[in-house]
Amino acid sequence: MEIVILPSSDEVGRVAAAQIAALVAAEPEAVLGLATGSSPLGIYAALAREVAAGRLDFGRARGFALDEYVGIPADHPQSYAAVIRSEVVEPLRMNAALVQVPDGRARDIAEACLSYERAIVAAGGIDLQILGIGANGHIGFNEPTSSFASRTRIKTLAESTVIDNARFFDSADQVPTHCLTQGLGTIMEARRVVLVAQGEQKADAIAAAVEGPVSSMCPASLLQHHEHAIIVIDEAAAAKLRLADYYRYVYANKPVWQRVPSIG
Ligand code: F6R
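Residues numbered from 1 in each chain as written. Predicted model: local features only at pLDDT ≥ 70, side-chain atom pairs only at ≥ 80, totals over all residues. Heavy atoms only, no water.

Neighbouring residues of the ligand: 15 residues in total, closest Ser39, Asp67, His138, Gly140 and Lys202. Between Thr36 and the ligand, the recorded distance is 2.7 Å, taken from a side-chain N or O atom to an oxygen atom. One of the side-chain nitrogen or oxygen atoms of Lys202 is found 2.7 Å away from an oxygen atom of the ligand. Coverage of the ligand by the protein chains reaches 94% of its 410 Å² of free accessible surface. Grouping the constituent residues of the shell around the ligand by class yields 4 nonpolar, 8 polar and 3 charged. (Near = heavy atom within 4 Å. Polar contact = N/O pair within 3.5 Å; in protein donor to acceptor, adjacent residues only side chain to side chain. Areas by Shrake-Rupley, 256 points an atom, 1.4 Å probe, with all protein chains shown as cover. Nonpolar A, V, L, I, M, F, W, Y, C, P; charged D, E, K, R; others polar.)

Dropping the structure here:
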């Protein structure tokens with residue numbers, strides 16, 4: 001795991017975005033795993049600025065959303081299909097036909113999940129998975145005690161997740177109770193993972209994920225076993241890391257050949 005601690009939320013977005021920009025510049029048909037929620041918005045905004053300036057082209061890149069609510073109309077502004085369209089596909093000028101979201105309205109949910117897994121395999125797997133983290137340590141909607149071997153499936157949202165996500169809806173009782181999410185096994189197969197977190201409300205989850213035991217009680221801790229996971233966080237989210245000074249030292253002394261070009 002590489003831990004990058006930055007002074008501001010804005011820099012978290014830019015530094016994480018630089019990883020994606022470097023990948024897509026080198027591999028225009030790269031397959032991206034796309035998280036929703038607040039955390040990656042700075043990434044998408046930074047990438048959109050590169051696209052608008054003509055420095056980056058996502059026209060051939062492919063995308064797989066991390067998750068989707070079950071039972072929410074596709075045109076609901078908070079369906080992840082709608083969020084991916086407005087926050088990612090349109091600003092990054094991606095080809096919408098190359099971006100998929102799990103079908104949370106499928107009649108046959110089990111088949112929809114299997115078919116999502118098959119589509120990821122058919123695309124050659126995910127090159128880079130963008131992740132946020134829940135205050136309870138979830139990644140995707142793999143809530144605590146999710147199986148490390150899990151694949152895309154239906155999950156029941158934890159009560160704390162429903163409360164956290166109520167800010168996107170008029171009230172907590174409008175938040176769907178279920179979702180489809182890539183599993184922890186699915187996420188671990190991505191060739192790279194970039195997880196971003198900002199704010200003190202994520203500090204406990206980040207400490208547990210990075211320095212705690214690998215445990216399904218903190219699903220993000222499984223990333224300790226990922227070969228290429230980068231955790232990009234602001235100072236507030238880093239507040240409970242015991243080895244924060246070491247991570248800062250490592251980042252400051254990162255070999256030049258390992259650095260990716262920064263973006264505006
Ligand atoms: C979103 C997702 C979730 C969020 C997490 C943090 O697609 O899978 O794991 O990343 O709930 O949400 P925010 O970023 O809104 O704090």
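Attention shifts here to the sheet that holds strand E8 (residues 178–181). Here 3 strands make up an open sheet; going across it, the order is E4-E8-E7 and the pairing antiparallel. The open sheet terminates on both sides in strands that have one partner only, identified here as strand E4 (67–69) and strand E7 (153–156). Strand-to-strand, the axes of this sheet are offset by a mean angle of 30°, without reference to chain direction. Where E7 lies against E8, 4 bridges are found, and the strand directions are antiparallel. (Pairing = 2+ DSSP bridges. Helix = DSSP H or I, 4+ residues; strand = E, 2+ residues; numbered from the N terminus. Axes fitted to C-alpha atoms, helices over the stretch in contact; angles between N-to-C directions.)

What follows is about the nonpolar core. Note that soluble globular proteins tend to have their nonpolar side chains buried in a common cluster. Membership of the largest hydrophobic core comes to 73 residues, with the highest contact counts inside it found for Leu47, Phe58, Ile206, Ile233 and Leu241. With 8 residues, helix H1 (residues 9–26) is the single largest residue contributor to this core. Formed by 11 residues, the second largest nonpolar core is a distinct cluster that contains Ile72, Phe141, Val162 and Val175. (Core = buried A, V, L, I, M, F, W, Y, C linked by side-chain atoms within 4.5 Å. Buried < 20%, exposed > 50% of the residue type's maximum accessible area, 1.4 Å probe, protein only.)

Because side chains alternate across strand E6 (residues 128–131), one face comprises the buried residues Leu128 and Ile130, and the other comprises Gln129 and Leu131, equally buried. Pairing of E6 with strand E9 (residues 192–197) involves 4 bridges; the strand directions are parallel. Bridge pairing in E9 links Leu128 to Arg192.

The full count for this structure, using the stated rule, is 6 aromatic pairs. Taking 6.1 Å as the distance between ring centres and 15° as the angle between the ring planes, the aromatic pair formed by Tyr80 and Phe141 counts as stacked. Remark: Phe141 occurs in the loop between E6 and E7 and Tyr80 occurs in helix H3 (residues 80–89); sequence separation between them is 61 residues. Overall, Tyr80 belongs to the buried group, its relative accessible area being 6%. Here Phe141 falls in the buried class, since its relative accessible area comes to 5%. (Phe/Tyr/Trp six-rings, centres within 6.5 Å; stacked < 30°, edge-to-face > 60°.)

In this structure, Arg93 takes a positive phi of about 50° despite not being glycine. Along the polypeptide, Arg93 turns up in the loop between H3 and strand E5 (99–100). Looking at Arg93, the relative accessible area reads 54%, which means it is exposed.

Take H1 next. Between its terminal C-alpha atoms H1 stretches 26 Å, which fits the 26 Å expected from 18 residues at 1.5 Å a residue. Among the residues making up H1, those that are buried are Val12, Gly13, Ala16, Ala17, Ala18, Gln19, Ile20, Ala21, Leu23 and Val24. Structurally, H1 contributes buried residues whose contacts are with strand E1 (2–6), strand E2 (31–34), helix H2 (41–52), E6, E9 and strand E10 (229–234). (Expected span 1.5 Å × (residues − 1). Contact = heavy atoms within 4.5 Å.)

Let us look at the environment of Ser221. Structurally, Ser221 is set in the loop between helix H7 (203–211) and E10. You can call Ser221 buried: its relative accessible area is 0%. Taking the C-alpha atoms as reference points, Ser221 and Ala205, separated by 16 residues in sequence, lie 9.0 Å from one another. Ignoring any residue separated from it by four or fewer positions in sequence, one finds Ser221 in contact with Ala208, Ala209, Pro213, Val214 and Ser215.

For H2, with 12 residues, the first-to-last C-alpha span of 16 Å sits near the 16 Å given by 1.5 Å per residue. Those residues of H2 lying buried are Ile43, Tyr44, Ala46, Leu47, Ala48, Glu50 and Val51. Packed against the buried residues of H2 are H1, E2, H3, E6 and E9.

Keep in mind these numbers describe shape, not what the thing actually does.
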